[in-house]
Amino acid sequence: MNKHRQGITIGFNILLILYSAGTGFLTFAFSDKAKGYPVQGVVLTSLIDFVRYLVMMFISAWFVNEFWNRLVTDLVPLRKLEYREAITIVVFLGILAG
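Remember, it's a predicted structure, so these values are computed and weren't measured experimentally. (Residues numbered from 1 in each chain as written. Predicted model: local features only at pLDDT ≥ 70, side-chain atom pairs only at ≥ 80, totals over all residues. Heavy atoms only, no water.)

## Comments concerning helix α2 (residues 39-75)
Stated formally: The secondary structure listing takes helices from DSSP runs of H or I that are at least 4 residues long and strands from runs of E that are at least 2 residues long, numbered from the N terminus. Here the expected span of a helix is defined as 1.5 Å times the quantity of residues minus one. Bend is computed residue by residue as the angle between axes fitted to the seven residues ending at the residue and the seven residues starting at it. Partly exposed describes any residue whose relative accessible area lies between the buried limit of under 20% and the exposed limit of over 50%, with all areas from a 1.4 Å probe on protein chains only and scaled to the type maximum. The contact criterion used is simple: two residues touch if any of their non-hydrogen atoms lie within 4.5 Å.
With 37 residues, α2 extends 51 Å from end C-alpha to end C-alpha; this agrees with the ideal 54 Å at 1.5 Å per step. The largest bend in α2 is about 35°, located at Trp68. Of all the positions in α2, only Val42, Ser46, Met57, Ala61, Asn65, Asn69, Val72 and Thr73 are classed as buried. Next to the buried residues of α2 lie α1 (10-29) and α3 (83-97).

This is the structure we're talking about:
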């Protein structure tokens, strides 16, 4: 059995975040809300939303990581999460809920 476990990579998280942001951008760009706005306004609004999305994602991932490592692992014999795994959980749940 291979003892070297390959976990979630930073590249995987970047692709997952870009996928989530891209689907959000396309959903907004082709919606009725974006009609009548200039393309520059849609792009600028999307860039501002992307920064807001990243900030909220990092904060949410920090909370998930702390909650899991401080409470869940004390109650149930599970391993602790790495921060990049918490990011994956937050982004993936956002994709599923979106």
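## Comments concerning the nonpolar core
The condition is simple: Here, nonpolar core means buried Ala, Val, Leu, Ile, Met, Phe, Trp, Tyr and Cys residues that are tied together by side-chain atoms lying within 4.5 Å of each other.
Judged by nonpolar contacts, Leu16, Ile17, Met57, Ala61, Ala86, Ile87, Val90 and Val91 together constitute the single largest core of eight residues. Every element with two or more residues in this core is listed here: α1, α2 and α3. Tallying contributions element by element places α3 first for this core, with four residues. Not counting the four nearest positions on each side in its chain, Ala61 is found in contact with Tyr83, Ala86, Ile87 and Val90.

## Some remarks on the side chain of Thr88
Selection rule: Think of a polar contact as two N or O atoms within 3.5 Å of one another; within protein, one of them needs to be a possible hydrogen donor and the other a possible acceptor, and neighboring residues in sequence only count if both atoms come from side chains.
Structurally, Thr88 can be placed in helix α3. Looking at Thr88, its side chain comes within polar contact range of the side chain of Asn13, at 2.4 Å. When near neighbours in sequence (up to four residues on either side) are disregarded, Thr88 contacts Ile8, Phe12, Asn13 and Leu16.

## Things to note about the environment of Thr45
By the element assignment, Thr45 lies in helix α2. Between the C-alpha atoms of Thr45 and Gly11, which are 34 residues apart in sequence, the distance is 26 Å.

## Quick word on the packing of α1 against α2
Put simply, the rule is: Axis definition: a line fitted to C-alpha atoms, over the contacting stretch in the case of helices. Angles run 0 to 180 degrees between N-to-C directions. In a left-handed crossing the near helix is turned counterclockwise from the far helix by less than a right angle, and in a right-handed crossing that turn is clockwise. Polar here means any residue outside two lists: the nonpolar Ala, Val, Leu, Ile, Met, Phe, Trp, Tyr, Cys and Pro, and the charged Asp, Glu, Lys and Arg; Gly therefore counts as polar.
Across the interface, α1 lies against α2 with an axial gap of 11 Å and an inter-helix angle of 140°. Relative to α2, the crossing made by α1 is right-handed. Touching Ile17, Ser20, Ala21, Phe25, Phe28 and Ala29 of α1 are Val42, Ser46, Phe50, Tyr53, Leu54 and Met57, all from α2. Here the residues of the contact of α1 with α2 are counted per class, giving 10 nonpolar, two polar and no charged.

## Quick notes on the pattern of salt bridges
Basically, it comes down to this: When a carboxyl oxygen of Asp or Glu is within 4 Å of a side-chain nitrogen of Lys or Arg, the pair counts as a salt bridge.
Taken as a whole and judged by the stated rule, the model has four salt bridges. With a shortest N-O distance of 3.7 Å, Asp49 and Arg52 are connected by a salt bridge. Of the two residues, Asp49 and Arg52 are both situated in helix α2; the distance of three residues between them amounts to about one turn of the helix. For Asp49, a relative accessible area of 34% corresponds to the partly exposed category. The exposure class assigned to Arg52 is exposed, which follows from its relative accessible area of 51%. Here Glu85 makes a salt bridge to Arg79, at a shortest N to O gap of 2.8 Å.

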